[in-house]
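# Structural features, examined
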Amino acid sequence: MTTKGGIEVERLVREFKNGPRAVDGIDLEVAAGEIYGFLGPNGAGKSTTVLMLTTLLPPTAGTARVAGYDIVREGPRVRASIGAALQEAALDPLLSGEEHMRLQTALHGLPKTEREERGRELLARVGLSEAADRKVGGYSGGMKRRLDLALALVHRPSILFLDEPTTGLDIQSRTALWEEVARLAAEEGVTVFLTTQYLEEADALAERVGIIDHGRIVAEGTPAELKADIGRPTVEAVPHNPAERERLAAVLERFGPRAGTSPRGAAARLERGEAQLAEVVRALDSEGIAIEHLQLHAPSLDDVFLAKTGRSLEGSGDPEPAAGEQEAVGAA
Amino acid sequence: MSSGLRTQVGQLARRSVLRTMRQPAQIVPALVFPLFLLAVNSGGLKSATNIPGFPTDSYLTFALAVPFMQGALFSVMNAGTDLARDIETGFLNRLALTPLRGAALLSGLLAGAVVLGLVQALTYLTVGLVAGAELVTGLGGALVIVALSVSITVAFGTIGLFAALRTGSGEAVQSLFPVFFVFLFISAMALPLELLQTPWFHTVASVNPVTYLLEAFRSLLFEGWEPEKLALGFGIAAAVLAAGMLAASTALKTRLVRT
């Protein structure tokens, strides 16, 4: 049985009428207090998985326990244990931050005497005290996301689901949100299930990462393990003379397959790792190709994704329809 | 009602009222448009009072019943559009993650309709009386008119909620407005039922519940206390409310598929 703060998923499936399986038999385990990154392109099945784990969408098949409770049979208990900030900050533009907190604390059943204090405390924590009485319609994207996070925490959940929490945010807002999420896990022991399509987000935050594509988990492990599993760095070179780009690419391909695209040069994944770099330099020299720029890239999660799916993560997705827009088939 | 449910209804009602008060675009047309039509009709159809059997000398008094119905139609749109927006933005999912009960959600959402209905009824009645309309039942009648108007507004509001929950689209809810307006036009809106001479129109108007809602208002304005007409008016409002709530509750269960 799952521990109180953990997540356990077995062969979870979600089918929609006239569509492929959005989630196709996934298995995963998240330990209490862990930050788990669920990485994949648009349409991979990330949001559908979150909707099922947060009890907002019944699975077609399979089981899952969240905080020790079955997501189908014990929905109310699951909801009492979790907080969620779903895709797109779902806020009322006509209410202020303070009014959102008042509504959320009351609906979660906090005693009247605690509501105001809890609201103030959370608004302060996410840096919205000064904007508390302003209507949310005037908030920036980062402020909305921070309020969304604060609202998810009003009832002190042991598990937090964040569905693409930083999509569309500038780097400053993104970093601030990452810091708060990391603090929640480290200081308060909150388990975080985070979906993202940003490699750097999964890399920076998650202790373990599950990579999902077409509804299936194609790789899972710590970011370091996944990269080590791929193990091959990429060498990228830019010729001094742009006309020699094709010749350069041909030379690099002797050391491994082409990797991604280099706007002014060429890149290849080194079959035998970084030890080949010296050989690459000698080969380019013997071919008489003058090099303007040469760089060795360590393996990234994108390389992992590429290796597991044959596609690059960046821009490889399809839109994932919202649950409300889809028709279920045989919902459990 | 348990204290938890009371809190939920109270908080959602508060939100609904705040939203309504902060959207002048919802309130102003619901006040201005029916009064504008009242002014046009009472001026243009004044000579209808010369038709033998017309029940009053003042067409303004006769026509004053119509704004209450038009106001109720605006409530379909406003209540439904607000809920549809909650569905579209994902706010309903946020509410679904709390221990919120469906009954609390629907009741809370209708609170905005109650406030709007109250403001509408008081405005229409005040403007009508200031313009010279009769009110033979006095202050008591005025209170019953306001109560009936609010009841009809809330009852029609449930249809808006149902449409929003079924479609999840604000545009779909707004497309209901002309459909409901047709119901108003094929009723005894411009003439009393007994003076409608075209057979098919008389038949349609006589089975149209809007006719009897208008007659309930008119009885209070220029006929006197007519218990049967009032019972029929309040009865229709109660029936629409019950049917609308049932339909909205069923649609909510489908929309909120939380386990």
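All residue numbers here refer to positions counted from 1 along the written sequence of the relevant chain. Lettering of chains starts at A and numbering of ligands starts at 1, both following the order in which they are written. Totals for whole chains, interfaces and linings use every residue, but because this is a predicted model, local features are given only for residues with pLDDT of at least 70 and side-chain atom pairs only at 80 or more, for both listing and counting.

A few words now on the overall build of chain B. Only DSSP runs of H or I with at least four residues qualify as helices, and only runs of E with at least two residues qualify as strands; both kinds are numbered from the N terminus onward. On a plain count of helices and strands, chain B comes out with twelve helices and zero strands. Both definitions apply: the radius of gyration is a C-alpha atom measure, and the globule rule equals 2.2 Å times residues to the power 0.38. Its C-alpha radius of gyration of 19 Å places chain B within 12% of the 18 Å reference for a compact globule of 259 residues. When the backbone C-alpha atoms are referred to their principal axes, chain B occupies close to 65 × 40 × 35 Å.

Now for the packing of helix α3 (residues 97-107) of chain A against helix α1 (residues 3-21) of chain B. To describe two helices that pack against each other, one gives the angle between their axes and the distance between the axes. At a minimum axis distance of 9 Å, the contact between α3(A) and α1(B) shows a crossing angle of 160°. If you check the angle between α3(A) and α1(B), you find them roughly antiparallel. At the point where α3(A) passes α1(B), the crossing takes the left-handed sense. Between α3(A) and α1(B), the residues in contact are L103(A), A106(A) and L107(A) and T7(B), Q8(B), Q11(B) and R15(B), respectively. For this classification, Asp, Glu, Lys and Arg are treated as charged, while Ala, Val, Leu, Ile, Met, Phe, Trp, Tyr, Cys and Pro are nonpolar and the rest, including Gly, are polar. Among the residues making up the contact of α3(A) with α1(B), the classes are represented as three nonpolar, three polar and one charged. Every axis corresponds to a line fitted to the C-alpha atoms, with the helix fit spanning only the stretch in contact, and the corresponding angles, defined between N-to-C directions, vary from 0 to 180 degrees. Note on angle classes: values under 35 degrees are labelled roughly parallel, values over 145 roughly antiparallel, values of 65 to 115 roughly perpendicular, and the remainder oblique. Crossings are assigned a handedness: left-handed for a near helix turned anticlockwise from the far helix by less than a right angle, right-handed for a clockwise turn. Residues are defined as contacting one another if the C-beta atoms placed from their backbone atoms lie within 7 Å.

With that settled, the discussion passes to the confidence of the model for chain B. For any part of a model where pLDDT is low, the fine detail of the predicted coordinates should not be relied upon. A residue-level look at chain B finds 100% of positions with pLDDT of 70 or above and a mean pLDDT of 92. The ipTM for the predicted assembly is 0.85, set against a pTM of 0.81. The score called pLDDT rates the predictor's confidence residue by residue, from a low of 0 to a high of 100.

Looking now at the nonpolar core. One finds V66(A), V192(A) and F193(A) to be the most contacted residues of the largest nonpolar core, which totals 147 residues. Working definition: the nonpolar core is a set of buried Ala, Val, Leu, Ile, Met, Phe, Trp, Tyr and Cys residues, joined through C-beta atoms within 7 Å. For every residue, the other C-beta atoms within 10 Å of its own C-beta are counted; 20 or more classify it as buried, 12 or fewer as exposed, and values in between as partly exposed. C-beta atoms are placed from the backbone. The next biggest cluster of nonpolar side chains, apart from the first, holds twelve residues, and it includes V235(A), V251(A), A259(A) and V280(A).

Moving on to the pairing of strand β7 (residues 159-163) of chain A. All names here are of chain A. Among the five residues in β7, five count as buried, and that is most of the element. Burial of the side chains of β7 extends over both faces: I159, F161 and D163 are buried on one face and L160 and L162 on the other. Note on pairing: two strands pair once DSSP finds at least 2 bridges between them. As judged from the four bridges shared by strand β6 (residues 82-85) and β7, these two strands associate in the parallel manner. Note that in β7 the partner of A85 across the bridge is L162. Relative to strand β8 (residues 191-196), β7 is paired through five bridges, and the arrangement is parallel. Across the sheet, the residue bridging to F161 is F193, located in β8. Here the term right-handed applies to a crossover when the path leading from its first strand over the helix to its second strand runs clockwise, the strands being oriented away from the viewer. Handedness of the crossover joining β7 and β8 through helix α6 (residues 171-188) is recorded here as right-handed.

Next up on the list: the packing of α3(A) against helix α4 (residues 112-125) of chain A. All names here are of chain A. Remark: α3 packs on α4, axes separated minimally by 9 Å, with the N-to-C direction vectors making an angle of 130°. Judged by the angle between their axes, α3 and α4 are oblique. Along this stretch, α3 crosses α4, giving a crossing that reads as right-handed. Where α3 approaches α4, its residues G97, E98, M101, R102, T105 and A106 are matched on the opposing element by R115, R118, G119, L122 and L123. Looking at the contact of α3 with α4, its residues break down into four nonpolar, three polar and four charged.

Along the chain, T123(B) falls in helix α6 (residues 102-130). In the structure, T123(B) is positioned 74 residues away from T49(B) in sequence and 25 Å away in space, judged by C-alpha atoms.

With that settled, consider the sheet that holds strand β11 (residues 234-239) of chain A. All names here are of chain A. Here we have three strands laid out as an open sheet, ordered β12-β11-β13, and antiparallel in their pairing. Edge positions in the sheet fall to β12 (266-269) and β13 (291-297), since each of these pairs with one other strand and no more. Here the strands of the sheet are splayed against their neighbours by 15° on average, with no regard to which way each runs. As paired strands, β11 and β12 are joined by four bridges and run antiparallel to one another. Note that in β12 the partner of T234 across the bridge is R269.

This brings us to the sheet that holds strand β5 (residues 69-70) of chain A. Residue and element names in this part refer to chain A. With antiparallel pairing, the four strands of this open sheet are ordered in space as β2-β1-β4-β5. Either end of the sheet is taken by a strand with one partner, and the two such strands are β2 (21-30) and β5. The pairing of strand β1 (residues 7-15) with β2 spans seven bridges and is antiparallel. Each bridged residue has a counterpart across the sheet, and for I7 the counterpart in β2 is V30.

Glancing now at unusual backbone geometry. Non-glycine residue T55(A) carries a positive phi angle of around 75°. The topology assignment puts T55(A) in the loop between α1 (46-53) and β4 (61-66).

Residues and elements named next belong to chain A. Inspection of the secondary structure assignment puts A89 in the loop between β6 and α3. Counting along the chain gives 58 residues from A89 to L147, while the straight-line C-alpha distance between them is 8.4 Å. Excluding residues within four positions of it along the chain, A89 makes contact with K144, R145 and D148.

This paragraph deals with α6(A). All names here are of chain A. Helix length check: α6, at 18 residues, gives a terminal C-alpha distance of 25 Å against a target of 26 Å (1.5 Å per residue), a fit within 8%. Taken together, the buried positions of α6 are R174, L177, V181 and L184. Buried positions in α6, seen along its axis, are confined to an arc of 85° and lie on one side of it. The outward face of α6, more than 90 degrees from its buried face, is lined by the exposed residues I171, Q172, E179, R183, A186 and E187. Next to the buried residues of α6 lie α5 (141-152), β7, β8 and α7 (199-205). Here a helix's expected span is defined as the number of its residues, less one, multiplied by 1.5 Å. Arc, as used here, means the arc of the directions from the helix axis to the C-beta atoms.

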